[in-house]
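Spelled out from the first residue to the last, the chains are:
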Amino acid sequence: MAILRSARIPPTTLFLLAACGGASDEDAPPAASPPPPNPIVQTDWASFRGQPELTGRAGGELAGELHLLWTARTGAPIASAAVIAGERVFVGSDDGRVRALDFASGEEVWAVAPGGRAEPAGIEAPPAAAEGRVYVGDREGILWCLAAEDGAVRWSFRTGGQITGAAAVAGSGERTRVLVGSHDAFLYCLDATGAERWRYESGSYVNGAPAIADGEVAFGGCDGFLHVVDIESGEARGRWEVGSYVAGSPAIAGGLAFVGHMAGRVVALELASGTRAWEYGTGDLAFFSSPAVDETRIVIGGRDGRVHGIDRARGEPFWTFRTGGNVDGSPVFCGERVVAASEDGRLYVLDAASGERIWSYEIGAPIVASPAVARGRIVVGAQDGVLYAFGADQNRIGR
C-alpha cells in the first residue's frame, strides 16, 4: 500500500486512521526530568532530519521568544521539508518547482521547474544539499541533481515510481553516494555522475528517507520491514519485521533503529540482529512522523494529535502534548527544546523534559512539512503555499 498524505496529494489513495481533535495542552504528568543531553555542534540543516542518521537534532539554542522574520510564497501547498545550507534555504512545492531563498531575508534567489517541463510534477520530497548540489525527487519518480548556485540541472535519474522521501548523500567527490527510495519498491544508490551503482528491492513502496550509519543504510516502507543494506555493495545485512506500514523514516543511534509505523507503535530494533529492544504505543493511532532522538529521549508526532516524548532506554512515556490536529511532520530537538508542527496550523516549541509549551505561533493553515532548524531559526512550509522563518531577531517583519 502506498502511504501518501490524503487528498492534498492527487491522484493517490491514502488509508487514514482517526486522530483526536482536542486542543488542550499536555495531558499526562511528566516523569522525572532526565539529565540534559550533550550539545551537538551543527550550523546547517542541509538534509532531512539534519544528520545522515536522521536523528533530528539541531545545533545551538532557540530563544524563549521567537518572532516571524520573513515569509516566501510559492503559490502551492508545501509538504516538502526545507533544508538550510550556508546562506540559502532550499524547498520544494506542489507547483513542481524547487526554490532557493536567502536565509537572512527570504528573498528568492532562483526557482526552477527541473527539466523545463510545462507541467512539472509536484515535489513532496525534501531536498538534500551537498558540495554545491541540491538533490530532490518528484512525484513523477525522477531524482534531480541541481546546481545550488543557479538551479541548473546537472543530471537526472528516473525510477519506476514516485519519490516522496528525501535523498541521502554520503561521501564526497568521486566517492559520493546518493541514495533514494521510490514507490517502485527499490532503494537506489547513485554515484556523483548520476550513474546507478546498485538497486535493492524491498517488498513494497519506499516512502521515507534512508538513514546512514557505519557504512550501512536502513529504511522502511509499505512491506512492514526495516531493511539494512551495505552502502557500497547493496547487499542485504538484515531484514527485520517492524509490524506495519512505515510512512516515515528511521532514526539510528547507539546501534538501534527507532521507527514508528501506521499500526500505532514505535519500535526500537537492534540493527545487527533485529532484536526488538522495546515497543511503545497501544496500537490505536498511526505514526506518520519520523522520530527525533537525543541521548535520553525520543520525540515523535502521532495521528492522535499529540507529540509523544519517550524514554530512549526503556520505551516508556515521558510526556505527551496535545495539539488540535495530526502531527505528521517530524519534530526536532534543539538543545532542551522540541520544535513540532501540527495540522491545527500551529508551530510549537516545547520543553524537552516536561513537554510543556514554551511558545507557539498560529500560522492558520495546516502544516504537514517537518521543520528545519539552524542557527537559532526555524523554517517551515505550510499548506497555504507559504514558507515561514522564525527567530529571535528584532528586525522582523509583520504579518
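Our structure's up above, just so we're on the same page.
So, here is what we can say about the structure in this document.

Procedures and definitions
Residues numbered from 1 in each chain as written. Predicted model: local features only at pLDDT ≥ 70, side-chain atom pairs only at ≥ 80, totals over all residues. Heavy atoms only, no water. Pairing = 2+ DSSP bridges. Helix = DSSP H or I, 4+ residues; strand = E, 2+ residues; numbered from the N terminus. Axes fitted to C-alpha atoms, helices over the stretch in contact; angles between N-to-C directions. Contact = heavy atoms within 4.5 Å. Core = buried A, V, L, I, M, F, W, Y, C linked by side-chain atoms within 4.5 Å. Buried < 20%, exposed > 50% of the residue type's maximum accessible area, 1.4 Å probe, protein only.

1. Structural notes on the sheet that holds strand β10 (residues 153-158)
For step 1, the next point in the chain: Strand order in the open sheet formed by 4 strands is β7-β8-β9-β10, with antiparallel pairing between adjacent strands. Of all the strands in the sheet, the pair left with one neighbour each is β7 (128-130) and β10. Taken over all neighbouring pairs, the strand axes of this sheet differ in orientation by 15° on average, direction set aside.
For step 2, the next point in the chain: Pairing between strand β9 (residues 142-147) and β10: 5 bridges, direction antiparallel. Its bridge partner lying in β10, W144 is registered against S156.

2. Digging into the sheet that holds strand β28 (residues 337-341)
One key point about sheets: their strands pair by backbone hydrogen bonds, in either a parallel or an antiparallel sense.
For step 1, the next point in the chain: A sheet is described by the order of its strands in space; here 5 strands give the open sequence β1-β27-β28-β29-β30, paired in mixed fashion. The open sheet has two free edges, formed respectively by β1 (57-58) and β30 (357-362), since each of these has just one partner strand.

3. Here's the deal with the environment of G137
For step 1, the next point in the chain: With respect to the helices and strands, G137 occurs in strand β8 (residues 133-137).
For step 2, the next point in the chain: Residues G137 and I123, spaced 14 residues apart in sequence, show a C-alpha to C-alpha distance of 6.8 Å.
For step 3, the next point in the chain: In this structure G137 touches I123, A125, I142, L143 and I163, once residues within four positions along its chain are discounted.

4. Some details on the nonpolar core
For step 1, the next point in the chain: By size, the foremost hydrophobic cluster in this structure holds 38 residues, and its most contacted members are W70, V89, I363, I378, L387 and F390.
For step 2, the next point in the chain: Looking at which element gives the most residues to this core, the answer is strand β33 (residues 386-391), with 5 residues.
For step 3, the next point in the chain: Among the nonpolar cores identified, the runner-up in size contains 19 residues, and A211, V242, A257 and V267 belong to it.

5. Some points on unusual backbone geometry
For step 1, the next point in the chain: Although it is not a glycine, E131 adopts a positive phi angle of roughly 50°.
For step 2, the next point in the chain: Note on placement: E131 falls in the loop between β7 and β8.
For step 3, the next point in the chain: Judged by its relative accessible area of 55%, E131 falls in the exposed class.

6. Thoughts on the pairing of strand β26 (residues 317-322)
For step 1, the next point in the chain: The element β26 is extensively covered by neighbouring structure, given that 5 of its 6 residues are classed as buried.
For step 2, the next point in the chain: The pairing of strand β25 (residues 306-311) with β26 spans 5 bridges and is antiparallel. When the bridges of β26 are listed, G309 appears paired with W319.
For step 3, the next point in the chain: Here β25 folds back onto β26 in antiparallel fashion, the turn holding 5 residues, of which G315 has a positive phi close to 75°.

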